[in-house]
Amino acid sequence: MLAAVDHVQLAAPPGSEELLRAFYTDVLGMTEVPKPPVLAARGGCWFRAGAVQLHLGIESDFRPARKAHPGLRVTDIGAYAARLRARGAEVTWDGGLPGHRRYYMQDPVGNRLEFLEPVTAGEDHHNG
């Protein structure tokens with residue numbers, strides 16, 4: 001029986017680890033998790049924030065995921081969007097999911113990321 005999602009893996013081009021580290025730690029506020037040595041030899045990097053784990057694996061013929069994406073639940077979505085913008089990230093709000101505030105952005109290698117927060121009845125539903 002499935003219990004939870006352990007991690008989501010995204011692909012990245014060879015040699016992009018420092019760019020990814022800067023983005024996922026400095027911009028998103030995640031912590032890098034050391035990879036086991038046998039896996040570290042393959043390149044890439046892993047990140048964590050609470051129970052959320054994102055793994056970036058190196059792919060020699062990399063093409064960014066433009067439609068497929070992780071949906072990352074956040075708290076205080078407006079403040080988090082402001083944090084991202086202050087660090088140079090472009091945030092695109094999308095009001096198309098009833099009961100949620102959400103936006104999309106791309107990581108530095110072009111992978112799509114979704115950030116969302118449920119709203120409660122009577123809560124302000126504006127975006128941005």
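Higher on the page you've got the structure.
Residues numbered from 1 in each chain as written. Predicted model: local features only at pLDDT ≥ 70, side-chain atom pairs only at ≥ 80, totals over all residues. Heavy atoms only, no water.

Summarising the element assignment, R112 is placed in strand β8 (residues 112–118). D94 provides the closest opposite charge to the buried, unpaired R112, separated from it by 5.6 Å. Within the local environment of R112, its side chain forms a polar contact with the backbone oxygen of K67, the two atoms lying 3.3 Å apart. Filtering out sequence-adjacent residues up to four positions away, R112 remains in contact with A65, R66, K67, A68, H69, P70, Y104 and M105. (Helix = DSSP H or I, 4+ residues; strand = E, 2+ residues; numbered from the N terminus. Buried < 20%, exposed > 50% of the residue type's maximum accessible area, 1.4 Å probe, protein only. Lys, Arg positive; Asp, Glu negative; His and termini not counted. Salt bridge = Lys/Arg side-chain N within 4 Å of Asp/Glu carboxyl O. Polar contact = N/O pair within 3.5 Å; in protein donor to acceptor, adjacent residues only side chain to side chain. Contact = heavy atoms within 4.5 Å.)

Moving on to the nonpolar core. Note that soluble globular proteins tend to have their nonpolar side chains buried in a common cluster. If you look at the biggest cluster of nonpolar residues, it comprises 28 residues, and the most contacted ones within it are Y24, L28, L84, Y103, M105, L113 and F115. Those residues in contact with L28 that lie beyond four places of it in its chain are F23, Y80, R83, L84, M105, L113 and F115. (Core = buried A, V, L, I, M, F, W, Y, C linked by side-chain atoms within 4.5 Å.)

Further remarks concern the sheet that holds strand β6 (residues 92–93). An order of β5-β8-β7-β6 is seen for the four strands of this open sheet, with the pairing classed as mixed. Edge positions in the sheet fall to β5 (71–73) and β6, since each has one partner strand and no second. Direction of pairing for β5 relative to β8: parallel, over a ladder of three bridges. Residue pairing in the sheet places L72 in a bridge with F115 of β8. (Pairing = 2+ DSSP bridges.)

Aromatic rings considered in pairs are described by the distance between their centres and by the relative angle of their planes. Counted under the stated rule, the structure contains five aromatic pairs. Considering the side-chain rings of F23 and Y24, the 4.9 Å spacing of their centres and the 85° angle between planes classify their relative orientation as edge-to-face. Both residues of the pair, F23 and Y24, belong to the buried class. Between W93 and Y103, the ring centres sit 4.8 Å apart and the planes meet at 70°, which makes this aromatic pair edge-to-face. Placement of W93 in strand β6 and of Y103 in strand β7 (residues 100–106) is noted, with a sequence separation of 10 residues between them. Across the pair, exposure class does not vary: W93 and Y103 are buried alike. Among the aromatic side chains, those forming a connected cluster through ring pairs are Y80, W93, Y103 and F115. Positioned above the aromatic ring of Y104 is the side chain of R112, whose terminal nitrogen or guanidinium carbon lies 3.9 Å from the ring centre. (Phe/Tyr/Trp six-rings, centres within 6.5 Å; stacked < 30°, edge-to-face > 60°. Lys NZ or Arg CZ within 6 Å of the ring centre and 35° of its normal.)

Considered for burial, the residues of helix α3 (residues 77–86) that qualify are I77, Y80, A81 and L84. For α3, the angular spread of buried residues about the axis comes to 100°, placing them on one side. Packed against the buried residues of α3 are α1 (17–27), β6, β7 and β8. Immediately downstream of α3, the backbone of G88 shows phi near 90°, a positive value. (Arc of directions from axis to C-beta.)

When α1 is considered as a whole, its buried residues turn out to be E17, L20, F23, Y24 and V27. Down the axis of α1, the buried set is contained in an arc of 155°. They therefore lie on one face. For α1, the secondary structure elements touched by its buried residues are β1 (8–12), β3 (45–49), β4 (52–58), α3, β7 and β8. Backbone geometry just downstream of α1 places G29 in the positive-phi region, at approximately 80°.

Time to look at the pattern of salt bridges. Pairs can form between side chains of opposite charge whenever their charged atoms are close. Using the criterion set out here, one finds five salt bridges in the structure. One salt bridge connects E32 with R21, and the closest N-O pair in it is separated by 2.8 Å. On the criterion of sequence distance, the pair formed by E32 in strand β2 (residues 31–33) and R21 in helix α1 is long-range, its members being 11 residues apart. The class of E32 is partly exposed, set by a relative accessible area of 31%. For R21, a relative accessible area of 24% puts it in the partly exposed group. Of the charged contacts, one joins D61 and R63 as a salt bridge, the two residues approaching to 3.9 Å between their closest N and O atoms.

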